[in-house]
Amino acid sequence: MTTAIVHPTVENLQQFSEEFDLSKLLKSDGVLLWLLANGWGYDDRTCLIASIIDESVSLDEVWDSEEFDFNALSDEEKEKLNQIFEHFYL
(Lines give C-alpha, C1' and ligand atoms only; values in the text may rest on other atoms or scores of the structure.)
Protein backbone atom coordinates (compact mmCIF):
# COMPACT_ATOMS: atom_id res chain seq x y z
CA MET A 1 0.00 0.00 0.00
CA THR A 2 1.28 3.44 -0.93
CA THR A 3 0.16 6.51 0.96
CA ALA A 4 0.68 9.94 -0.59
CA ILE A 5 0.94 12.88 1.77
CA VAL A 6 -0.07 16.33 0.56
CA HIS A 7 1.08 19.70 1.83
CA PRO A 8 -1.58 21.81 3.56
CA THR A 9 -3.09 24.32 1.15
CA VAL A 10 -6.21 26.42 1.15
CA GLU A 11 -7.72 24.13 -1.47
CA ASN A 12 -7.35 20.89 0.47
CA LEU A 13 -8.41 22.51 3.76
CA GLN A 14 -11.45 24.29 2.33
CA GLN A 15 -13.79 21.49 3.46
CA PHE A 16 -13.06 22.44 7.09
CA SER A 17 -13.29 26.21 6.64
CA GLU A 18 -16.67 26.53 8.38
CA GLU A 19 -15.29 24.90 11.53
CA PHE A 20 -12.38 27.27 12.18
CA ASP A 21 -10.66 30.42 10.93
CA LEU A 22 -8.74 28.98 7.98
CA SER A 23 -6.56 32.05 7.42
CA LYS A 24 -5.47 32.03 11.07
CA LEU A 25 -4.79 28.29 11.07
CA LEU A 26 -2.71 28.49 7.89
CA LYS A 27 -0.34 30.82 9.75
CA SER A 28 0.27 28.25 12.49
CA ASP A 29 3.28 25.97 12.66
CA GLY A 30 1.47 23.00 14.16
CA VAL A 31 0.87 19.55 12.75
CA LEU A 32 -2.95 19.91 12.75
CA LEU A 33 -2.83 21.40 9.25
CA TRP A 34 -0.95 18.35 8.00
CA LEU A 35 -3.41 15.96 9.59
CA LEU A 36 -6.44 17.74 8.14
CA ALA A 37 -4.92 18.06 4.68
CA ASN A 38 -4.29 14.33 4.67
CA GLY A 39 -7.75 13.12 5.47
CA TRP A 40 -7.98 13.21 9.26
CA GLY A 41 -11.31 14.56 10.46
CA TYR A 42 -11.49 17.78 12.41
CA ASP A 43 -12.56 16.32 15.74
CA ASP A 44 -11.41 16.04 19.36
CA ARG A 45 -9.29 12.96 18.59
CA THR A 46 -7.36 14.66 15.79
CA CYS A 47 -6.90 17.83 17.86
CA LEU A 48 -5.55 15.73 20.77
CA ILE A 49 -3.14 13.90 18.46
CA ALA A 50 -1.93 17.22 17.00
CA SER A 51 -1.52 18.72 20.47
CA ILE A 52 0.53 15.75 21.69
CA ILE A 53 2.76 15.89 18.62
CA ASP A 54 3.22 19.67 18.87
CA GLU A 55 4.14 19.49 22.57
CA SER A 56 6.48 16.51 22.30
CA VAL A 57 10.23 16.93 22.00
CA SER A 58 10.84 13.63 20.19
CA LEU A 59 8.99 11.07 18.13
CA ASP A 60 9.58 8.50 20.86
CA GLU A 61 7.72 10.77 23.25
CA VAL A 62 4.80 10.88 20.79
CA TRP A 63 4.57 7.10 20.38
CA ASP A 64 4.94 6.56 24.16
CA SER A 65 2.28 9.14 25.08
CA GLU A 66 0.08 8.34 28.07
CA GLU A 67 -2.65 10.72 26.81
CA PHE A 68 -3.35 8.77 23.63
CA ASP A 69 -2.55 5.22 22.54
CA PHE A 70 -0.85 5.77 19.20
CA ASN A 71 -0.34 2.01 18.89
CA ALA A 72 -4.12 1.59 18.67
CA LEU A 73 -4.20 3.53 15.39
CA SER A 74 -4.80 1.56 12.22
CA ASP A 75 -1.77 0.64 10.13
CA GLU A 76 -2.88 3.17 7.51
CA GLU A 77 -3.11 5.96 10.12
CA LYS A 78 0.32 5.05 11.50
CA GLU A 79 1.78 5.11 7.98
CA LYS A 80 0.23 8.53 7.35
CA LEU A 81 1.62 9.83 10.65
CA ASN A 82 5.09 8.53 9.84
CA GLN A 83 5.02 10.23 6.44
CA ILE A 84 3.69 13.45 7.96
CA PHE A 85 6.53 13.34 10.51
CA GLU A 86 9.02 13.03 7.64
CA HIS A 87 7.57 16.09 5.88
CA PHE A 88 6.81 18.10 8.99
CA TYR A 89 10.13 17.60 10.76
CA LEU A 90 12.45 17.73 7.74
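Residues numbered from 1 in each chain as written. Predicted model: local features only at pLDDT ≥ 70, side-chain atom pairs only at ≥ 80, totals over all residues. Heavy atoms only, no water.

Let's talk about the overall build of the chain
Logical step 1: Each helix and strand in the chain was counted, giving six helices and zero strands.
Logical step 2: Across the chain, helices and strands are ordered from the amino to the carboxyl terminus as α-α-α-α-α-α.
Logical step 3: On C-alpha atoms alone, the chain measures out to a radius of gyration of 13 Å, which is about the 12 Å that the 2.2 N^0.38 rule sets for 90 residues.
Logical step 4: Expressed along its principal axes, the backbone C-alpha trace of the chain runs to roughly 30 × 30 × 25 Å.
Logical step 5: The burial tally for the chain puts 37% of its 90 residues in the buried class.
Logical step 6: Here the contacts in the chain between residues at least 6 apart in sequence split such that 50% fall between residues at least 24 apart.
Logical step 7: When the accessible surface of the chain is totalled, it reaches about 5,700 Å², and 47% of it is carbon and sulfur.
Logical step 8: Charge-centre separation for the chain: the mean point of 5 positive side chains lies 5 Å from the mean point of 20 negative side chains. (Helix = DSSP H or I, 4+ residues; strand = E, 2+ residues; numbered from the N terminus. Rg over C-alpha atoms; globule rule 2.2 N^0.38 Å. Buried < 20%, exposed > 50% of the residue type's maximum accessible area, 1.4 Å probe, protein only. Contact = heavy atoms within 4.5 Å. Areas by Shrake-Rupley, 256 points an atom, 1.4 Å probe, with all protein chains shown as cover. Lys, Arg positive; Asp, Glu negative; His and termini not counted. Charge placed at Lys NZ, Arg CZ, Asp CG, Glu CD.)

A closer look at the environment of Trp34
Logical step 1: Of note, Trp34 is situated in helix α3 (residues 32-37).
Logical step 2: Given the relative accessible area of 10%, Trp34 is considered buried.
Logical step 3: Excluding residues that lie within four positions of it along the chain, Trp34 makes contacts with Ile5, Val6, His7, Pro8, Ile84, His87 and Phe88.

Some thoughts on helix α4 (residues 44-55)
Logical step 1: If you check α4, its first and last C-alpha atoms are 16 Å apart, about what twelve residues at 1.5 Å a residue would give, namely 16 Å.
Logical step 2: All of the buried residues in α4 are Thr46, Ile49, Ala50, Ile52 and Ile53. Projected down its long axis, α4 carries its buried residues within an arc of 160°, all on one side. In α4, the exposed positions that point more than 90 degrees away from the buried face belong to Asp44 and Glu55. (Expected span 1.5 Å × (residues − 1). Arc of directions from axis to C-beta.)

None of this, on its own, says anything about what the molecule does.
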